[in-house]
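Chain by chain, the residues run as shown.
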Amino acid sequence: MDTTLLQQMLLGALLGISVYLPLRCGQLSLATPGFYAIGGTVAALLSTRIPALGGDGVSYPISSVLLEMALAAMVTGILALGIGKVVLRLRGIYLAISTIALVEILRVVSLNLSFTGGAIGIFGIPQPFASPEGYVGFTSLLLAVVCWLCDRLERTRPGLAMAAIREDELAAASQGINTANTKLLAFVLSALVAGVTGVIAAHFLNSWNARMGNFDASITTLAFVVFGGTRTWLGPVIGGLVLTALPELLRPVGDLRLIVYGLVILMGPVLFPQGVITPERLSRWSRMLRQRLRLEAPTP
Amino acid sequence: MSVSPPAAPLLEFRDLVVRYGSITALQGINIAVHTGELVALLGSNGAGKSTTLRAASRLLPLAQGSIRWHGGDLGRVSTERTVKLGLSHCPEGRRVLGRQSVKDNLELGAWLRKDRAGIKADIDRCYGLFPRLAERRNQLAGSLSGGEQQMLAIARSLMARPTLLMLDEPSLGLAPKLVAEVMTTLRQLNQDGLTILLVEQNANAALAIAHRAYVLEAGRISLEGSAQDLRSNDKLRASYLGA
Ligand SMILES: Nc1ncnc2c1ncn2[C@@H]1O[C@H](COP(=O)(O)OP(=O)(O)O)[C@@H](O)[C@H]1O
Ligand SMILES: [Mg+2]
């Protein structure tokens, strides 16, 4: 497979997780591209404006990338904390609309600031890796860590609180779950994942501009989750991987590919209302797999 | 001879006004629940019964008046805090988590408790109280019958180890036989020392087990008294008891 496409798929999976986290406690936030854009901007600014980060000047040091990620996480985290306190009072479609507005505001602000390069953006972002393979390795590692953390989260108290809020917010609240703080936590974690993903994307794409986080991106990343499912972290990962790859893999089909792509997004929710990946389906598949292995094992 | 002042009620609503935007759902109500009592709050649909309970568990802002717990003001307290104080709210319509098991639902009820051993013992106590839940402990709550879900909702509220349990229409949608079963369980819990505030439209069922009752009409208390007096009250008989 094309390594560049593989890298885009991995970024898609990370953004899928970012949309998934608030949805896990029932909050439809479309703010992911906004935080992704901020993460990328942080990386673009630091790596092009601060010579000290460049190391020996041959290849950009990975330690500097990690530093950018930490700073991007701090900026997006603090911003999400402040914004979340306000917008999370809204519910359902109102939250979705206000987060779309947030993404648009961030885009327009970035478009009109001189230090973010305005409409042109920032070019010549230095490369920590000589080849796409390097990016794929680094991003795979990050995805693995994020997946592991999500898996841990789903089994711990905040994760259980999120699941309860999603099923019935009033019931969760009346048992003494702090619903406001739990929703805020999910929103901040979502922003962190998007921000950190933006850092890698900025280096990988070599340039960054205001168009990186727009309304289209909100819808595309939402489709990852709608397709993959919102009940376990594996859903958005599969959704991000598959739906990023699909338009490219369908390129030989010519113009038909966009129609096929649209049909997948349209039919996914009809055929799989909870997404392709659900905990029930996962356990059924693993049962089937175990059975098959047992059948094929030689009898002693 | 010194006369000790009467003890403050466990839970008290004083001139409580609650609004939803421009709609005033409660127009200054006064209700007192003393330790050990089983008090019924009756009224038809839309009278403001659920609003009263939601205000007590601090899910709604108070417009005027106050809610007191052991005489102390609950006005600025969070829902989390009311649960910790010993006020448990079993909401209208059961609201069990359908995609989680019976056991997980019970554990959710113990959300703010840290004593693992005590929680385990209380889960077993709930299974003893509702044997049908014990048989279905690993089943998803959504697959239970309406009656079983109501029992689970009550059991979940008990898992918080409340001193006062507020129930919102536990008889709703249940067959008469199940209503009687739920009421018997509530009376048993009360006799074992649990104070109960029971919201009901089914006045017959509630008055059969309550000590005292209040009748709420369009956000105002229109009638109050001992359950015995209310059972023979003409006005109440005409409008709520179908006699
Ligand atoms: N979320 C809400 N928004 C606006 N009005 C509400 C809301 N909930 C209840 N009400 C109104 O408040 C009044 C009391 O409702 P409620 O407490 O649910 O009554 P009950 O539980 O006795 O049936 C009703 O007129 C109802 O329409
Ligand atoms: Mg009601």
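Quick caveat: nothing in here was measured; it's all calculated off a predicted structure. (Residues numbered from 1 in each chain as written. Chains lettered and ligands numbered in written order. Predicted model: local features only at pLDDT ≥ 70, side-chain atom pairs only at ≥ 80, totals over all residues. Heavy atoms only, no water.)

> Please explain the overall build of chain A as it appears in this structure.
Along its length, chain A carries twelve helices and zero strands. For chain A, the sequential pattern of α-helices and β-strands runs α-α-α-α-α-α-α-α-α-α-α-α. Its C-alpha atoms give chain A a radius of gyration of 20 Å, within 12% of the compact-globule value 19 Å for 300 residues. In terms of principal-axis extent, the alpha carbons of chain A reach across some 60 × 55 × 40 Å. Buried residues in chain A amount to 52% of all 300 residues. For chain A, the exposed area adds up to about 14100 Å²; of that, 69% sits on carbon and sulfur atoms. Within chain A, one finds 21 positive and 15 negative side-chain charges whose respective centroids are separated by 8 Å. (Helix = DSSP H or I, 4+ residues; strand = E, 2+ residues; numbered from the N terminus. Rg over C-alpha atoms; globule rule 2.2 N^0.38 Å. Buried < 20%, exposed > 50% of the residue type's maximum accessible area, 1.4 Å probe, protein only. Areas by Shrake-Rupley, 256 points an atom, 1.4 Å probe, with all protein chains shown as cover. Lys, Arg positive; Asp, Glu negative; His and termini not counted. Charge placed at Lys NZ, Arg CZ, Asp CG, Glu CD.)

> I'm lost on the coordination of the magnesium ion (ligand 2) in this one. Help?
Residue and element names in this part refer to chain B. Binding of the magnesium ion (ligand 2) to the protein goes through Ser50 (OG) and Glu92 (OE), at separations of 2.0 to 2.5 Å. Taken as a pair, Ser50 in helix H1 (residues 49-56) and Glu92 in the loop between strand S6 (87-90) and helix H3 (102-109) lie far apart in primary sequence, 42 residues in all. Judged by its relative accessible area of 30%, Glu92 is partly exposed. (Donors = N, O, S within 2.8 Å, 3.2 Å for Na, K, Ca; no water.)

> Whenever I open this one, the site of ligand 1 confuses me. Can you help?
Residues and elements named next belong to chain B. For ligand 1, the full set of nearby residues is Tyr20, Ile23, Ala25, Ser44, Asn45, Gly46, Ala47, Gly48, Lys49, Ser50, Thr51 and Arg54. Contact distances for ligand 1 include 3.2 Å between an oxygen atom and a backbone N or O atom of Ala47. Relative to its unbound accessible area of 560 Å², ligand 1 is 63% covered by the protein chains. Those elements that provide at least two residues to the shell around ligand 1 are strand S2 (23-33) and H1. Among the elements that make up the shell around ligand 1, the one with the highest residue count is H1 (four residues). (Near = heavy atom within 4 Å. Polar contact = N/O pair within 3.5 Å; in protein donor to acceptor, adjacent residues only side chain to side chain.)

> What is the right way to read the packing of helix H6 (residues 157-167) of chain A against helix H8 (residues 179-205) of chain A from this model?
Packed helices, taken two at a time, are described by their axes: the angle between them and the distance between them. Residues and elements named next belong to chain A. Packing of H6 against H8 brings their axes to within 10 Å, and their N-to-C directions diverge by 105°. Here H6 is positioned roughly perpendicular relative to H8, judged by the angle of their axes. In this structure, H6 uses Pro158, Ala161, Met162 and Ile165 to contact H8, whose residues at the interface are Thr179, Thr182, Lys183, Leu185 and Ala186. (Axes fitted to C-alpha atoms, helices over the stretch in contact; angles between N-to-C directions. Parallel < 35°, antiparallel > 145°, perpendicular 65-115°, else oblique. Contact = heavy atoms within 4.5 Å.)

> What is the right way to read the sheet that holds strand S1 (residues 11-20) of chain B from this model?
Hydrogen bonds along the backbone pair up the strands of a sheet, which may run parallel or antiparallel. Residue and element names in this part refer to chain B. If you trace the four strands from one edge of the open sheet to the other, you get S2-S1-S4-S5, paired in antiparallel fashion. Each end of this open sheet is capped by a strand with a single partner; those strands are S2 and strand S5 (72-73). Those strands touched by H1 are S1, S2 and strand S4 (64-69), and its axis lies near 110° from that of S1. (Pairing = 2+ DSSP bridges.)

> What is the right way to read helix H10 (residues 234-249) of chain A from this model?
It helps to recall that an α-helix has 3.6 residues per turn; residues three or four apart then point in one direction. With 16 residues, H10(A) should reach 22 Å at 1.5 Å per residue; the first-to-last C-alpha distance of 22 Å fits that figure. Three or more residues of H10(A) are buried, namely Gly235(A), Pro236(A), Val237(A), Gly239(A), Gly240(A), Leu243(A), Thr244(A), Ala245(A), Leu246(A) and Pro247(A). (Expected span 1.5 Å × (residues − 1).)

> Looking at this structure, how should I read the sheet that holds strand S7 (residues 164-168) of chain B?
All names here are of chain B. Spatially, the six strands line up as an open sheet ordered S6-S7-S8-S3-S9-S10, and their pairing is mixed. Of all strands in the sheet, those bounded by a partner on one side alone are S6 and strand S10 (220-226). Pairs of neighbouring strands in the sheet enclose a mean axial angle of 15°, with direction left out of account. Pairing geometry for strand S3 (residues 38-42) and strand S9 (residues 212-217), over four bridges, is parallel. Opposite Leu41, over in S9, you have Tyr214 as the bridge partner. Against the sheet, helix H6 (residues 146-158) makes contact with S6 and S7, and its axis sits at roughly 165° relative to S6, the strand it touches most. Sheet strands in contact with helix H7 (residues 176-191) are S3, S7 and strand S8 (195-200), and its direction is about 155° off that of S8.

> Even after reading the chapter, I still don't get the interface of chain A and chain B, so can you show me in this structure?
As a measure of interface size, the accessible area lost when the parts come together is often cited. On the chain B side, the residues contacting the 18 residues of chain A number 18 residues. Across the chain A to chain B interface the summed buried area is about 1800 Å²; carbon plus sulfur atoms make up 55%. When residues of chain A are sorted by the area they lose upon contact with chain B, Arg157(A), Glu167(A) and Gln175(A) head the list and together hold 36% of the total. Asp168(A) serves as the salt-bridge partner of Arg95(B), at 2.8 Å between the closest nitrogen and oxygen. In this structure, the connection of chain A to chain B is made through five residue pairs in polar contact (both at pLDDT 80 or more). Sorting the residues of the side of chain A that touches chain B by element identifies H6 and helix H7 (169-174) of chain A as the ones contributing at least two each. Top contributing element to the side of chain A that touches chain B by residue count: H6(A), with seven residues. When grouped by side-chain class, the residues that make up the side of chain A that touches chain B number eight nonpolar, five polar and five charged. (Buried area = accessible area lost by both parts, 1.4 Å probe. Salt bridge = Lys/Arg side-chain N within 4 Å of Asp/Glu carboxyl O. Nonpolar A, V, L, I, M, F, W, Y, C, P; charged D, E, K, R; others polar.)

> I'm lost on the nonpolar core in this one. Help?
Ile17(A), Phe35(A), Met69(A), Leu143(A), Ile177(A) and Phe187(A) are the most contacted members of the largest nonpolar core, which has 77 residues in total. Those elements that place two or more of their residues in this core are helix H1 (3-24), helix H2 (32-49), helix H3 (62-87), helix H4 (92-112), helix H5 (132-155), H6, H8 and helix H9 (215-228) of chain A. In terms of residue count, the dominant contributor to this core is H8(A) (13 residues). The contacts of Ile177(A), once residues within four sequence positions are left out, are Ala161(A), Ala164(A), Ile165(A), Ala172(A), Thr182(A), Leu108(B) and Trp111(B). One finds Cys90(B), Leu106(B), Ala141(B) and Leu198(B) within the second-largest nonpolar core, a separate group that totals 48 residues. (Core = buried A, V, L, I, M, F, W, Y, C linked by side-chain atoms within 4.5 Å.)

From the geometry alone we can't say anything about function, so treat these as descriptive.
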